[in-house]
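# Structural overview
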Amino acid sequence: MKKIEAYIRHEAFEPIRLELLGLGFPSLTISEVKGSGRQKGITERYRGAELTNYLRPKVKLECVVADSDVQTIVDTILKHGRTGAVGDGKVFVAPVDEAYRVRTGESGEEILQAHPDAAATA
């Protein structure tokens, strides 16, 4: 199993979510985050003073998937997240040693939420 963690622009999230849902991957965790990188800050004038905000808003998307599904998820994120401009974001893939379903105590890849018919239930 692998954990995919992506930091993307807000406008890229909905197309990514819709395609992943259509591919049978409905389980995502989303957080609104701020961070800094190569993308420069935005300088604004407020009441006569210049303020520079170096922390840019992003969406953090997380999911844990079977090893065989990683490239599908990453390709979808890259396809919809890439504008070619600085600040498009990053995608990280890390190993997951074990996963458990709290409700039943089940463990392993069988608890992952990859559903071929997920698009039909949305």
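Residues numbered from 1 in each chain as written. Predicted model: local features only at pLDDT ≥ 70, side-chain atom pairs only at ≥ 80, totals over all residues. Heavy atoms only, no water.

### Regarding the overall build of the chain
Assigned secondary structure in the chain consists of three helices and six strands. Written out in order from the N terminus, the α and β elements of the chain read β-α-β-β-β-β-α-β-α. Relative to the globule expectation of 14 Å for 122 residues, the C-alpha radius of gyration of the chain, 17 Å, shows a markedly less compact shape. For the chain, the spread of C-alpha atoms along the principal axes amounts to about 60 × 25 × 25 Å. For the chain, the residues scored as buried account for 31% of the 122 residues in total. Long-range contacts, defined here as pairs at least 24 residues apart, represent 73% of the contacts in the chain between residues at least 6 apart. Within the structure as shown, the chain displays about 8100 Å² of accessible surface, and the carbon and sulfur contribution to it stands at 51%. Considering the chain, the positive charge centre built from 17 side chains and the negative charge centre built from 18 side chains are found 11 Å apart. (Helix = DSSP H or I, 4+ residues; strand = E, 2+ residues; numbered from the N terminus. Rg over C-alpha atoms; globule rule 2.2 N^0.38 Å. Buried < 20%, exposed > 50% of the residue type's maximum accessible area, 1.4 Å probe, protein only. Contact = heavy atoms within 4.5 Å. Areas by Shrake-Rupley, 256 points an atom, 1.4 Å probe, with all protein chains shown as cover. Lys, Arg positive; Asp, Glu negative; His and termini not counted. Charge placed at Lys NZ, Arg CZ, Asp CG, Glu CD.)

### Looking at the packing of aromatic side chains
Evaluation of the coordinates by the stated rule reveals one aromatic pair. Seen in terms of ring centroids, Tyr7 and Phe92 are 6.2 Å apart; in terms of plane orientation they differ by 75°. Their pairing is edge-to-face. A residue pair is termed long-range when its members are at least 10 positions apart, and Tyr7 in strand S1 (residues 2-8) and Phe92 in strand S6 (residues 89-95) qualify at 85 residues. What makes Phe92 partly exposed here is its relative accessible area of 44%. (Phe/Tyr/Trp six-rings, centres within 6.5 Å; stacked < 30°, edge-to-face > 60°.)

### Regarding helix H2 (residues 70-81)
The end-to-end C-alpha distance of H2, which contains twelve residues, comes to 16 Å, matching closely the 16 Å that a straight helix rising 1.5 Å per residue would cover. The complete set of buried residues in H2 reads Val70, Ile73, Val74, Thr76, Ile77 and Gly81. Seen along its axis, H2 keeps its buried residues to an arc of 160°; they face one direction. (Expected span 1.5 Å × (residues − 1). Arc of directions from axis to C-beta.)

### Topic: a negative patch on the surface
Together, Asp67, Asp97, Glu98, Glu109 and Glu110 make up a negatively charged patch on the protein surface. Structurally, Glu98 is set in the loop between S6 and helix H3 (118-121). Classification of Glu98 by relative accessible area gives partly exposed; the value is 39%. (Patch = residues over 30% accessible without salt bridge, like charges linked within 9 Å, V, L, I, M, F, W, Y side chains within 5 Å. Salt bridge = Lys/Arg side-chain N within 4 Å of Asp/Glu carboxyl O.)

### Some thoughts on the environment of Leu23
Topologically, Leu23 is positioned in the loop between helix H1 (10-22) and strand S2 (29-35). Classification of Leu23 as partly exposed rests on a relative accessible area of 40%.

### Considering the packing of H1 against H2
Here H1 crosses H2 at 145°, and the two axes come no closer than 9 Å. For the pair H1 and H2, the sense of crossing is right-handed. Of H2, the residues touching H1 (which contributes Ala12, Pro15, Ile16, Glu19 and Leu20) are Ile73, Thr76, Ile77, Lys79, His80 and Gly81. Its residues assigned to classes, the contact of H1 with H2 shows six nonpolar, three polar and two charged. (Axes fitted to C-alpha atoms, helices over the stretch in contact; angles between N-to-C directions. Left-handed = near helix turned anticlockwise from the far one by under 90°. Nonpolar A, V, L, I, M, F, W, Y, C, P; charged D, E, K, R; others polar.)

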